[in-house]
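Listed here are the chains, written in short residue letters.
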Amino acid sequence: MRKRTYMLIGLAIITLIVAAILFYPQIASLFTPPPPCERDTLTLGEVTYPIQAITKTPVALPDTLPAALMLSAQDDAPVIWLYDSRPLDLLQPGMTFVITRSSCDTATYRLQDPQSLSEAEAALILIVDGVRLPASLQEAEIMTFPTPDPSDMLLEVSLLKTQVNEDAITISIAIANYGQRVIRVMGQDITLNGAAPQSSLPALPQEVAPGASINLTITFARPPALPTVLRIFDALYDVTE
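Because the structure is predicted, anything quoted here is derived from the model rather than measured. (Residues numbered from 1 in each chain as written. Predicted model: local features only at pLDDT ≥ 70, side-chain atom pairs only at ≥ 80, totals over all residues. Heavy atoms only, no water.)

1. With respect to the overall build of the protein
Part 1 of the reasoning: The number of helices and strands found in the protein is two helices and 17 strands.
Part 2 of the reasoning: Summed over its atoms, the accessible surface of the protein is roughly 15500 Å², and 57% of this surface lies on carbon and sulfur atoms. (Helix = DSSP H or I, 4+ residues; strand = E, 2+ residues; numbered from the N terminus. Areas by Shrake-Rupley, 256 points an atom, 1.4 Å probe, with all protein chains shown as cover.)

2. Looking at the nonpolar core
Part 1 of the reasoning: Core analysis: the biggest nonpolar cluster contains 20 residues, and Leu42, Ile80, Leu82, Phe97, Ile99 and Leu126 have the highest contact counts within it.
Part 2 of the reasoning: Broken down by secondary-structure element, the contributors of at least two residues to this core are strand S1 (41–44), strand S2 (47–54), strand S3 (67–71), strand S4 (79–83), strand S5 (96–100), strand S6 (106–111), strand S7 (124–128) and strand S8 (131–141).
Part 3 of the reasoning: The residues contacting isoleucine 80, other than those within four sequence positions of it, are Leu42, Ala68, Leu69, Met70, Ile99, Leu124, Ile125, Leu126 and Ile127.
Part 4 of the reasoning: If you look at the next biggest cluster of nonpolar residues, it comprises 18 residues, including Ile171, Leu192, Leu230 and Phe233. (Core = buried A, V, L, I, M, F, W, Y, C linked by side-chain atoms within 4.5 Å. Buried < 20%, exposed > 50% of the residue type's maximum accessible area, 1.4 Å probe, protein only. Contact = heavy atoms within 4.5 Å.)

3. Observations regarding the sheet that holds strand S16 (residues 228–232)
Part 1 of the reasoning: Here three strands make up an open sheet; going across it, the order is S12-S16-S17 and the pairing antiparallel. Looking at the sheet topology across the chains shown, the edges are occupied by strand S12 (190–192) and strand S17 (235–239). Ignoring which end each strand starts from, the neighbouring axes of this sheet average 20° apart.
Part 2 of the reasoning: Here five bridges tie S16 to S17, and the two strands are oriented antiparallel to one another. Its bridge partner lying in S17, valine 229 is registered against aspartate 238. (Pairing = 2+ DSSP bridges. Axes fitted to C-alpha atoms, helices over the stretch in contact; angles between N-to-C directions.)

4. Things to note about the side chain of glutamine 112
Part 1 of the reasoning: Structurally, glutamine 112 is set in the loop between S6 and S7.
Part 2 of the reasoning: Judged by its relative accessible area of 5%, glutamine 112 falls in the buried class.

5. What to know about the pairing of S2
Part 1 of the reasoning: With four bridges connecting them, S1 and S2 associate as antiparallel partners. Its bridge partner being in S2, threonine 41 is matched across the sheet by proline 50.
Part 2 of the reasoning: Connecting S1 to the antiparallel partner S2 that follows it, the hairpin turn spans two residues, and glycine 45 within it adopts a positive phi of roughly 65°.
Part 3 of the reasoning: The pairing of S2 with S3 spans four bridges and is parallel. Looking at the pairing, isoleucine 51 lines up with alanine 68 of S3.

None of this, on its own, says anything about what the molecule does.
In structure tokens, the structure reads:
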């Protein structure tokens, strides 16, 4: 009886070894972290464009297509020239694209009508066949979190309610201060299509102490067409009916 038990145990061990050998790739993939992102890319539809950083306006086509050339300035929105062997003239406001950094951080942008979003208000500018298309930031996913500087402005903005009537747009927002310095909210910090608010309740300017928050109800003159772009400090939001 004992001999038979040993044989069954031996067969079970052999079976486990064979199974481990056969299914090793599947088992190993469960414990292997995903590979890091290799480089910055821009994804538009089903096409991914490698991003190459440049220091001045390009004068020649890239050696390989598709490609994206990105020019970043300290005070202005980044500009990306998009090149493809296929026609890109079907790009229009409302389309979205995703930029993935080598750190695997991602940001989703939406193309806007230049009449509703100026380049000064844009988060990014896409240039295709000489046509400049401003884009607003829709969402971002951060995979790496650097240690914040205590002197930086760390805040969270929430859009609470939007009311649109014939003559005005009223937007309720909340601003929470997670930094270590006082945030001063001025009228020029909140614009709609570049225009300052007509009124605010409570009236601007307002100060938000560290660890505190404030609710604001802001009224703008209604622009000729919707959607519009709301800017709160450096963040952009689409406003629709």
